[in-house]
Amino acid sequence: MKKDFLSIADLSKDEIFELLALTDSLKAATTKPLSGKTVALIFQKPSLRTRVSFEVGVVQLGGHAVFLTDEGVGLGVRESASDVAHVLSRFNNGIVARVFDHQLLLDLAKHATVPVINALSDLSHPCQILADIYTIQQHKKLRDYVKIAYVGDGNNIVNSWLELSSIIPLHLTLAIPHGYEPDKAIYEKAQNARVSKIEIIRDPKNAVNKADVVYTDTWTSMGQEQERTKRIYDFWEYQVNTPLIRHAKEDVLVMHCLPAHRGEEITNEALDGRQSVVNDQAENRLHVQKAIMAKLIGKI
Ligand code: CP
Ligand code: NVA
């Protein structure tokens, strides 16, 4: 049976660690598990890292990527998600989709006969968070209850962190202003799982105190551009900058999924500083997604 990757919750703890190990082994390997295979990439939103890392990853695994813009496809408008899924499944061995509405991904996955991979939705960004946990491991910081302080908007990135915290033990402190909390169902599920210590703390300094990782993301996600002015006002005290980072551990990892809005959620000094690992995170998108595709599409 085909397996999709729509959220971190689709994986067990063993599968997560298997994927991290496969990521390591594929980095240096020249095996071509996607030889003779094609993967369709449908993007409803802009992308640098996700698009390039998936396209390059498919090529490195011996396959061919077919990039489709939403203007061309009209997912859910020109054609229903079910028709798109049926047709793409006849031509391709896998579908990677970045969508506004997470429901479209669920519909694609329901009707596709090939694996569907979430390349970001309004609800979650699981490939990013797998690359992030791989980055934390690469920097030798991954241990039970590693303290990850997230400062900013309770968006798709936070939802995926919460889903991960339902599976592996983390100490997740979320510095998020009132009204911008993460998805309620995902938050409650993570708390009820009792795997991790999860707190929403309004004061960023308290959240970041002695943290191993300080993570932030844009205050204005794709699709929220009309709210930008209000968001800059509401989030102003939630900037990741040098004085804030001083509250964390000396060897803290400063993380951001990018793209960054320099001078808003993070300063140049923090993003470009010695503790920043943002470019490792970006590179690791390639390695981790190769492991995901090798497993789901290449069936290795
Ligand atoms: N982090 C990330 O997904 O970047 P892109 O939006 O550029 O793909
Ligand atoms: N929260 C951001 C992540 C970008 C990779 C967005 O959805 O725009």
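Whatever comes next refers back to the structure up there.
Here the structure is a predicted model, which means the values were calculated and not measured.

(A) Spotlight on the pattern of salt bridges. Applying the stated rule across the entire model yields 15 salt bridges. A salt bridge links Arg 51 to Glu 55; the shortest N-O distance between them is 2.8 Å. Of the two residues, Arg 51 and Glu 55 are both situated in helix H2 (residues 49-60); the distance of four residues between them amounts to about one turn of the helix. Residue Arg 231 is joined to Glu 227 by a salt bridge in which the shortest nitrogen-to-oxygen separation is 2.8 Å.

(B) Spatial organisation of the packing of aromatic side chains. All chains considered together, the criterion is met by seven aromatic pairs. Summarising the aromatic geometry, the rings of Trp 219 and Phe 235 are spaced 5.8 Å apart at their centres and angled 10 degrees between planes, so their arrangement reads as stacked. Pair noted here: Trp 219 is in the loop between strand S8 (213-216) and helix H10 (228-235) and Phe 235 is in helix H10, with a separation of 16 residues, a long-range link. Across the pair, Phe 235 and Trp 219 agree in class, each one buried. Centroid distance Phe 235 to Tyr 238: 6.5 Å. Interplanar angle 80 degrees. Geometry classified as edge-to-face. Both residues of the pair, Phe 235 and Tyr 238, count as buried.

(C) Quick look at the site of ligand 2. Taken together, Leu 120, His 125, Asn 155, Asn 156, Asp 217, Thr 218, Ser 221, Met 222 and Leu 258 form the complete shell of residues around ligand 2. Between a nitrogen atom of ligand 2 and a side-chain N or O atom of Asp 217, the distance comes to 2.6 Å. Calculation on ligand 2 without its partners gives an accessible area of 270 Å², and the protein chains cover 95% of this total. Most atoms of ligand 2, that is more than half of them, are within 2 Å of grid points of the largest pocket. Here the shell around ligand 2 is built from residues that sort into three nonpolar, five polar and one charged.

(D) Structural context of helix H5 (residues 102-111). What H5 keeps buried is the set His 102, Leu 104, Leu 105, Leu 108 and Ala 109. Projected down its long axis, H5 carries its buried residues within an arc of 155 degrees, all on one side. As for H5, its buried residues are in contact with helix H4 (81-91), strand S3 (94-98) and strand S4 (116-118).

Definitions and cut-offs
- Every chain's residues receive numbers from 1 upward, in the order its sequence appears when written.
- As a convention, the first chain written is A and the first ligand written is 1, with the rest following in written order.
- For this predicted model, a pLDDT threshold of at least 70 governs which residues receive local features, and a threshold of 80 or more governs which side-chain atom pairs are given and counted, while totals over whole chains, interfaces and linings are taken from all residues.
- Derived side-chain values reflect all non-hydrogen atoms in the structure, with water molecules and hydrogen atoms excluded from consideration.
- Criterion for a salt bridge: a side-chain nitrogen of Lys or Arg within 4 Å of a carboxyl oxygen of Asp or Glu.
- Segments assigned H or I by DSSP are reported as helices when at least four residues long, segments assigned E as strands when at least two residues long, and all are numbered from the N terminus.
- Planes of paired rings set the category: under 30 degrees apart is stacked, over 60 is edge-to-face and the rest tilted, where pairs are Phe, Tyr or Trp rings (Trp by its six-membered ring) whose centres lie within 6.5 Å.
- Residue exposure (1.4 Å probe, protein chains only): buried if accessible area is under 20% of the type maximum, exposed if over 50%, otherwise partly exposed.
- One heavy atom suffices: a residue is near a molecule or strand as soon as one of its heavy atoms comes within 4 Å of it.
- We define a polar contact as two N or O atoms separated by no more than 3.5 Å, with the added condition that, inside protein, one atom must be a possible hydrogen donor and the other a possible acceptor, whereas residues neighbouring each other in sequence contribute only through side-chain atom pairs.
- Using a 1.4 Å probe, the Shrake-Rupley method yields the accessible areas, and only the shown protein chains count as cover for residues.
- Using protein atoms alone on a 1 Å grid, points that fit a 1.4 Å probe yet trap it form a cavity, whereas open point sets bounded by protein on both sides within 12 Å along at least five of seven lines form a pocket; residues with an atom within 4 Å of a point count as lining.
- Placement in a cavity or pocket follows one criterion, namely that more than half of the molecule's atoms lie within 2 Å of its grid points.
- Gly falls in the polar group here, along with every residue not listed as nonpolar (Ala, Val, Leu, Ile, Met, Phe, Trp, Tyr, Cys, Pro) or charged (Asp, Glu, Lys, Arg).
- It is the directions from the helix axis to the C-beta atoms that the arc portrays.
- Note on definitions: a residue-residue contact is assigned when non-hydrogen atoms from the two residues lie within 4.5 Å.

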